[in-house]
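Structure at a glance
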Amino acid sequence: MFLNVNDKVYEKLKYFLTHNTRDLKIGEYVYGNQFSAADITLASLIRPLRIVPYLYDDPSLKALFDWQQDLFNQYKMDKLSVYEE
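Residues numbered from 1 in each chain as written. Predicted model: local features only at pLDDT ≥ 70, side-chain atom pairs only at ≥ 80, totals over all residues. Heavy atoms only, no water.

Description of the overall build of the protein
From N to C terminus, the protein includes four helices and zero strands. Shown N-terminal to C-terminal, the secondary structure of the protein runs as helices and strands in the order α-α-α-α. Across the 85 residues in the protein, those meeting the buried criterion constitute 27%. Taking as baseline every contact in the protein between residues at least 6 positions apart, the subset at least 24 positions apart corresponds to 62%. Summing over all exposed atoms, the protein offers an accessible surface of approximately 6,400 Å²; the carbon and sulfur share of this is 60%. (Helix = DSSP H or I, 4+ residues; strand = E, 2+ residues; numbered from the N terminus. Buried < 20%, exposed > 50% of the residue type's maximum accessible area, 1.4 Å probe, protein only. Contact = heavy atoms within 4.5 Å. Areas by Shrake-Rupley, 256 points an atom, 1.4 Å probe, with all protein chains shown as cover.)

Here is the structure:
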């Protein structure tokens, strides 16, 4: 049940996030050229990562968290979660 160092969870997560960051630099949305459930899903799933300095402070992921914040602001979802206060 415990994570094994060899599982490389952070490395796999960072790879996934880097891939999504690169895609969002090309287009404004996760999938296609309009806002969809995929955007809401990604923005929601990465929200807890804002408290993980290893990821949130990583310059290569800045565009991803900026995209998320812009999305929250644009769609009035900018309330902080309890764990972000």
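What to know about unusual backbone geometry
For lysine 8, which is not a glycine, the phi torsion comes out positive at approximately 55 degrees. In this fold, lysine 8 is placed in the segment before helix H1 (9-26). On the basis of relative accessible area, lysine 8 is assigned to the partly exposed category, the value being 47%.

Describing the pattern of salt bridges
Taken as a whole and assessed by the stated rule, the structure comprises two salt bridges. Residues lysine 62 and aspartate 66 are paired through a salt bridge, measuring 2.7 Å at the closest nitrogen-oxygen approach. Here lysine 62 pairs with aspartate 66, and both are found in helix H4 (residues 62-74), just four residues apart, close to one helical turn. (Salt bridge = Lys/Arg side-chain N within 4 Å of Asp/Glu carboxyl O.)

Thoughts on the environment of aspartate 23
Here aspartate 23 shows up in helix H1. Aspartate 23 sits 41 residues away from leucine 64 along the chain, and the two C-alpha atoms are 9.5 Å apart.

Topic: the packing of helix H2 (residues 37-46) against H4
Following both chains from N to C, one finds H2 and H4 inclined at 115 degrees, their axes separated by 10 Å at the closest point. Comparing the axis directions of H2 and H4 gives the class roughly perpendicular. Of the two elements, H2 crosses H4, and the hand of that crossing is left-handed. In this structure, H2 contributes Asp39, Leu42, Ala43 and Ile46 to the contact, and H4 contributes Leu64, Phe65, Trp67, Gln68, Leu71 and Phe72. Split into classes, the residues belonging to the contact of H2 with H4 amount to eight nonpolar, one polar and one charged. (Axes fitted to C-alpha atoms, helices over the stretch in contact; angles between N-to-C directions. Parallel < 35°, antiparallel > 145°, perpendicular 65-115°, else oblique. Left-handed = near helix turned anticlockwise from the far one by under 90°. Nonpolar A, V, L, I, M, F, W, Y, C, P; charged D, E, K, R; others polar.)

Treat this as a map of the structure, not an account of what it does.
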